[in-house]
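Chain by chain, the residues:
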Amino acid sequence: QVRVVESGGGLVQAGGSLRLSCAASGSIFGFNDMSWHRQAPGKQRELVARITSGGSTYYANSVKGRFTISRDNDKNMVYLQMNSLKPEDTAVYYCRAVYRRTLLSTDDIWGQGTQVTVSS
């Protein structure tokens, strides 16, 4: 069974740092793109950062220069280092992983989310 599990959320003061981790498992073909998304109360879920299996990255403008996404392909792990946190970063953060279901098709899996709260 393919699954992803996030960890590392919590409460931090503005200007502080947190590191989120996401452990993916269950795919015999490994994982392709992995990404972090977030959803604040009353808002739509948004893409925060994405990393390909080759290490290419994308960041939302709101987090560029403050957040860093990385991955360990051997361990099927993806990380989100969040620095200079702001109250507007408060949200539930979700990990998403794309995996190859068969040689001809892919699918994705979402984690259950981890809460990040930044106090002012």
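Above this text is the structure in question.
Residues numbered from 1 in each chain as written. Predicted model: local features only at pLDDT ≥ 70, side-chain atom pairs only at ≥ 80, totals over all residues. Heavy atoms only, no water.

Caption draft 1: Structural context of the sheet that holds strand S7 (residues 67–72). On the basis of which strands lie adjacent, the open sheet formed by four strands has the order S1-S3-S8-S7 and antiparallel pairing. The open sheet has two edge strands, strand S1 (3–7) and S7, and neither has a second partner. Geometrically, the sheet is characterised by an average inter-axis angle of 15° between neighbouring strands, direction not taken into account. Examined bridge by bridge, strand S3 (residues 18–25) and strand S8 (residues 77–82) share six bridges and lie antiparallel to one another. Looking across to S8, one finds that Cys22 is bridged to Val78. (Pairing = 2+ DSSP bridges. Helix = DSSP H or I, 4+ residues; strand = E, 2+ residues; numbered from the N terminus. Axes fitted to C-alpha atoms, helices over the stretch in contact; angles between N-to-C directions.)

Caption draft 2: A look at the packing of aromatic side chains. Applying the stated rule across the entire model yields one aromatic pair. Between Arg19 and the ring centre of Tyr79, over which it is positioned, the NZ or CZ distance is 4.0 Å. It is Arg45 that lies over the ring of Tyr94; its NZ or CZ is 3.7 Å from the centre. (Phe/Tyr/Trp six-rings, centres within 6.5 Å; stacked < 30°, edge-to-face > 60°. Lys NZ or Arg CZ within 6 Å of the ring centre and 35° of its normal.)

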